[in-house]
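Observations on chain architecture
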Amino acid sequence: MKKFTCILIALVGGFLSVYAQTFSVKGNVTDEDNMPLLGVNVLVKDQTRGTVTDFDGNFTLDDLSVGDVLQFSYVGFEPKEVTVLNDAFLNVVLQTDSESLAEVVVIGYGTQQRKDITGSVSLVSEDVIEELNPIKLENALQGTAAGVNVLPSSGAPGAGISINIRGIASNTVNQPLVLIDGYQGDLGTINPNDVASISILKDAQAAIYGIAGANGVVLITTKSGKKNTAPVVKFDSYVGLQETSRKIPLLNATEYALILNESYANNGEEIPFPDVSGLGTGTDFQDEVFDTAPVYNHYLSISGGTEKITYSIGGSHLYQEGIVGAEKSDFTRNTARFSLGVDITDELNLTANTIYTNIDRKSINENGLGSVLFNALNIAPTFAIDEEDLEGRLGNEIINPLSQIENTFNDYDLNKFNGSFALEFVPIEELTFTTRLGYSLTNSKGKDFAPIVNYGPSKVFNNTRSQVNQNRINDNSYTYDLFGTYEDLYDEAHHVTLTGGMTVIRNWGDGLFATGFDVPNNSWEFADISLARGASDALTTSAYVYDTRKLSFFGRLQYDYKGKYLVSGMLRRDASSNFSPDNRVGYFPSVTAGWIVTEEDFFNDSAVIDFLKIRGSFGTLGNDETGATNYYRALLNGEATYVLDGQLINGVALGNLANPDAGWEEAEKTNIGVDLRMFNNQLDISADLFREDRKDLLVAGIPVSGIFGGGAPGAGSPTINAGTTRNEGVEFSVRYNQVVNDDLDFNISYNAMFLNNEVVSVEGTDFLPGGQFGVGQPQPARFEAGFPIGYFYGYRTNGIFQTPAEVAAHPSQLALGAEAAPGDLRYVDINGDGVITPEDRTNIGDPIPDATMGLNLNVNFKGFDLVAYTFASVGNDMVRNYERNQPNVNRASYILDRWRGPGTSTTVPRVTTGATSNMVFSDYYVEDASYARIQNVQLGYSFNGNILEKLKMDRLRIYTAVNNLYTFTEYRGFDPSATGGAAIGGGIDYGFYPLPRIYQVGLNLNF
């Protein structure tokens, strides 16, 4: 018994001695692609000690015992725990956390872990793009990225879209620089299915792009294959029906006749409709113009890779018919994409991306006086569907919109190849050299045909001679980059990344335009210049050519100490051929810094805050784009008539006058931000306070002496640096995600930007005008110091005159065109001089929103998924300019609330055929265009593993969705979000083509 006891004591003692021993453990941490992860936190559970991985992902921990648990955490990856069993080497693989902050962000000439970014960068992921199913990629940015506002010019298929990042700062071009896999590209020609991610640089982080970065930078990364992956075939398809999302309430035939009778009677004239009993509702031309139109999209791709090669091949076909004009307003886009990555050697890697885009588009007359929708709103409902205004009762501008569509003939075709080739050479692990050539080759041609047609006496659309216009345009560019990146970690504390290189950009092209007359058979089928033999005294051909070049050198130093103190400095030197040799070169420096507070020792025990970073940036960026190709040379694109040998000869003259002193615009951007993650990374918050001072604006149109010839036909004033603007505000985003159980998880996100915009100064003139209102009236929008860009300048009203006594007691309004009478708009005497004159005009509206915001929801329950995306714009005004001032046109139904006698109305003036001042531009025509829009609601179901196994598929999902479901707004026009695109005058509504509501059913399939 004693012997057994001794043996037992020895065994237990030995066992306990094993646990009592401590030892060191070494290991390595990588991602799923076997790439080492730098800076992974490795902590001993329930203890306050740990370490971080080095440049190669290696780590060492001392004084460990059997049974200790190591916790591995890294932003962008799922946390992992490993139990120590012995001192064996640990190989740890972290899995990407798709619900966390994006692990890698493209920042320009490289990538960076998001936790280390010190600038203001928004990211739109592939998942968001797939959920939104946008027809055009720009729409995926609306409401998903804080500070980004997407403004459609029209709801017509293929119409242009403007993107503003943190408001508008320039009087000309405000579109951001778009780079697709490193080369300058066009969002409108890329298939959204081909995009892997979108990074948006909003502050001085974009200074690495120098003279092109002032308006922000949008970086597109397209999809590529993965190494050691079997071929994956992906098929996405949807079909849908479109309808108008909005109609403007109009008068029916009976209401129209009664209103017309009243307006004639109020002027003492004989009424035009003595008997209205048989008119009924008449023709609703708005209903007749709008169609239910199909849309469908199909996308097929295959991707994969071996140990040395990755590949991805895809193609798509999109067709969208117009809700106005049907096939006369349709859009077809076909794309093909090829991506290849090859490890030529262990040190040399090749990547190639090529995208081919073919676009075929037809369009109708839209967004202007005389457009199809303008005519549909103003034509009298007493006309039959096929009836023309042969008596000229509606004035010279308004015709039957259905006839207008029938006589519309045009076609636009575009073919574009763009892509890049890049070589990466890694002579040593810490150093990478990259050489990359990006290219874009675009050829487009257009044709339109105007047949012989008579809509009635004196109609501006009448055409007594058939005419065909054709054009051919070539636009080309290439971008060549050569840069090197050095990255290393010293003493496991000093992480340094140094990037330097050069960029060469060339944009060149030409255009040719010609007109032919007397088309055979007055037919679209024969509409070609080669067949049109008619002659004309006017010039029937024109052409242009351009060639601009830029040469840039840049450098960037990024440094962090122990992963918690971050600093980055950038400098770019640009030279642009748009400017004279003396002003060609510009230098654009910036600095950013950050402090990851949660890396400090005093945050180790926090049970609430998982990540906290404070960051700031300041830098200077540039802009040399105003739509002109150069500023220091005058071209011979003006018109002139010369006397030669006693005869008048038409010739050419200087166009816009030259200014060799013109230089680039400069944007000084300041940003202070914070990134915060809480409650086990469930709550993610980012906030930024920003300001931009845009200086030396490139301004055209400031008057100069006529001695210089700027007033000749085709000529113009020079472009000079003559203005300053300021944008300042705050933006933030909040995202909360929760895994309730194995069957249910959800996330909800909200982002917002609050903006104040002001013109600080304009030199050489008091203001720059823009836009149009009515016919023959002064331009209603202005660019003027002390006011927002493009603010509306007109008369302020103060109700409606109710009695003759009120008229007599008020300052005279005769200077506006007619003496006031009861029922007329009452204008405010701003300057107090006792009379209403043009000097009483003032600020009556601002087209720039005070705030934009998005609210988005994603819920997954078992196999079902539900997403909803919304967007809101608050504080923006819009001018209602789609109503014609003619006595016999139709009216919007709000006219039923008109003034008919004292006390009957204080908002809508009387109707009359007599002269009044009610049509001068005033705040009566300026409306609050704030809106909230449910952009997308989608419900899908993914089949489970058993069904997929039987079908031999990896994924099978079906869904139904509604795009542009509903818009909440008090604006009375078609679309409160639309804009003409101009900085000055963009918020004027001539009858915008409304965005369609689209009902979709779709399929996502992988195998």
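Residues numbered from 1 in each chain as written. Predicted model: local features only at pLDDT ≥ 70, side-chain atom pairs only at ≥ 80, totals over all residues. Heavy atoms only, no water.

1. What about the overall build of the chain?
- Along the chain, the regular secondary structure elements total eight helices and 51 strands.
- Relative to its length of 1007 residues, the chain is compact, with a C-alpha radius of gyration of 33 Å against a globular reference of 30 Å.
- Here the chain holds 1007 residues, and the buried ones make up 52% of them.
- Within the chain, contacts between residues at least 6 apart in sequence are counted, and of these 70% link residues at least 24 apart.
- Accessible surface computed for the chain: about 43300 Å², of which carbon and sulfur atoms make up 56%.
- Here the chain contributes 69 positively and 122 negatively charged side chains, and the mean placements of these two sets differ by 3 Å. (Helix = DSSP H or I, 4+ residues; strand = E, 2+ residues; numbered from the N terminus. Rg over C-alpha atoms; globule rule 2.2 N^0.38 Å. Buried < 20%, exposed > 50% of the residue type's maximum accessible area, 1.4 Å probe, protein only. Contact = heavy atoms within 4.5 Å. Areas by Shrake-Rupley, 256 points an atom, 1.4 Å probe, with all protein chains shown as cover. Lys, Arg positive; Asp, Glu negative; His and termini not counted. Charge placed at Lys NZ, Arg CZ, Asp CG, Glu CD.)

2. Observations regarding the nonpolar core
- Within the largest apolar cluster, 78 residues are counted, with the highest numbers of intra-cluster contacts made by Val324, Phe783 and Phe792.
- Listing elements by their share of this core, those giving two or more residues are α3 (253-265), α4 (285-289), α5 (372-378), β37 (744-762), β39 (781-784), β42 (825-827) and β46 (877-880).
- Dropping the residues within four chain positions of it, Val324 is found in contact with Val289, Phe290, Ser329, Ile364, Val372, Leu373, Ile405 and Tyr993. (Core = buried A, V, L, I, M, F, W, Y, C linked by side-chain atoms within 4.5 Å.)

3. Re the pairing of strand β31 (residues 647-653)
- Sheet analysis places strand β30 (residues 638-644) next to β31, joined by seven bridges and oriented antiparallel. Looking at β31, one finds that Thr641 is bridged to Asn650.
- Adjacent in sequence and paired antiparallel, β30 and β31 are bridged by two residues, among which Asp645 carries a positive phi angle near 55°. (Pairing = 2+ DSSP bridges.)

4. As for the sheet that holds strand β43 (residues 842-845)
- The four strands lie next to each other as β38-β39-β40-β43, forming an open sheet whose pairing is antiparallel. Bordering the open sheet on either side are β38 (767-770) and β43, each of which pairs with just one other strand. Direction aside, neighbouring strands of the sheet carry axes that sit 50° apart on average. (Axes fitted to C-alpha atoms, helices over the stretch in contact; angles between N-to-C directions.)

5. Focus on the pairing of strand β23 (residues 431-450)
- Pairing between strand β22 (residues 409-428) and β23: 18 bridges, direction antiparallel. When the sheet's bridge partners are listed, Leu414 is paired in β23 with Ser444.
- Between β22 and β23, which pair antiparallel in sequence order, lie two residues.

6. Description of the side chain of Asn353
- With respect to the secondary-structure elements, Asn353 resides in strand β21 (residues 348-361).
- Since its relative accessible area comes to 12%, Asn353 is described here as buried.
- There is a polar contact of 2.9 Å between the side chain of Asn353 and the side chain of Ser339.
- Apart from residues lying up to four places away in sequence, Asn353 is in contact with Asp181, Thr222, Phe338, Ser339, Asn418, Gly419, Ser420 and Tyr439. (Polar contact = N/O pair within 3.5 Å; in protein donor to acceptor, adjacent residues only side chain to side chain.)

7. Concerning the packing of aromatic side chains
- One pass over the structure, following the stated rule, counts 33 aromatic pairs.
- With a centroid separation of 5.6 Å and 35° between ring planes, the pair formed by Tyr296 and Tyr319 is classed as tilted. One end of the pair, Tyr296, is in strand β18 (residues 293-305); the other, Tyr319, is in strand β19 (residues 309-322), and 23 residues separate them in sequence.
- Three or more aromatic residues joined by ring pairs make a cluster, and in this case those are Tyr109, Tyr209, Phe483 and Phe554.
- Above the plane of the ring of Trp508 lies Arg506, whose end atom (NZ or CZ) is 4.3 Å from the centre. (Phe/Tyr/Trp six-rings, centres within 6.5 Å; stacked < 30°, edge-to-face > 60°. Lys NZ or Arg CZ within 6 Å of the ring centre and 35° of its normal.)

8. Brief notes about the sheet that holds strand β3 (residues 50-52)
- Read across the open sheet, the four strands follow the order β3-β2-β5-β6; overall the sheet is antiparallel. The open sheet is flanked by β3 and β6 (77-83), the only strands paired with a single partner. Taken over all neighbouring pairs, the strand axes of this sheet differ in orientation by 15° on average, direction set aside.

9. Thoughts on the confidence of the model for the chain
- In the predicted model, the chain carries a mean pLDDT of 90, and 96% of its residues have values of at least 70.
- Low pLDDT (under 50) marks residues 1-20, which in the prediction has two contacts with non-local residues, meaning those over four places away or in another chain. (pLDDT = per-residue confidence, 0-100.)

10. Focus on the environment of Asn659
- Looking at the secondary structure, you find Asn659 in the loop between β31 and β32 (665-678).
- Here the alpha-carbon distance between Asn659 and Phe273, two residues 386 residues apart in the chain, equals 62 Å.
- Asn659 has contacts with Tyr631, Tyr632, Pro718, Thr719 and Ile720, leaving out every residue within four places of it along the chain.
- A distance of 2.8 Å separates a polar side-chain atom of Asn659 from the backbone oxygen of Thr719.

11. Considerations on α3
- For α3, which comprises 13 residues, the first-to-last C-alpha distance of 18 Å matches the rise-based estimate of 18 Å (1.5 Å per residue) to within 8%.
- Within α3, the full set of buried residues consists of Ala253, Tyr256, Ala257, Ile259, Leu260, Asn261, Glu262, Ser263 and Tyr264.
- The residue sitting at the N-terminus of α3 and contributing the capping side-chain oxygen is Asn252; that oxygen lies 3.1 Å from the backbone nitrogen of Thr254. (Expected span 1.5 Å × (residues − 1).)

12. A closer look at unusual backbone geometry
- In this structure, Asn228 is a non-glycine residue whose phi angle is positive, near 55°.
- Topologically, Asn228 is positioned in the loop between β16 (217-222) and β17 (229-244).
- Despite not being glycine, Ser458 has its phi angle at roughly 65°, a positive value.
- Mapping Ser458 onto the fold places it in the loop between β23 and β24 (467-490).

13. Details of the pattern of salt bridges
- With the rule as written, the count across this model stands at 44 salt bridges.
- Taking the shortest distance from any N to any O, the salt bridge between Glu731 and Arg166 comes out at 3.0 Å. Of this pair, Glu731 sits in strand β36 (residues 723-739) while Arg166 sits in the loop between β12 (161-165) and β13 (177-180), and the two are 565 residues apart along the sequence.
- Arg166 sits in the buried class, given a relative accessible area of 5%. (Salt bridge = Lys/Arg side-chain N within 4 Å of Asp/Glu carboxyl O.)

14. Focus on the environment of Asn630
- Position of Asn630 among the secondary structure elements: in the loop between β29 (609-623) and β30.
- Along the chain, Asn630 and Ser580 lie 50 residues apart, while their C-alpha atoms are 8.6 Å from each other.
- Setting aside residues up to four positions removed in sequence, Asn630 forms contacts with Ser577, Asn578 and Leu635.

15. Points about the environment of Glu138
- Relative to the helices and strands, Glu138 is located in the loop between α2 (126-132) and β11 (148-152).
- You can call Glu138 buried: its relative accessible area is 5%.
- In sequence terms Glu138 and Ala253 are 115 residues apart; their C-alpha atoms lie 42 Å from each other.
- Discounting chain neighbours no more than four positions away, the residues touching Glu138 are Val150, Ile161, Ile163, Leu187 and Gly188.

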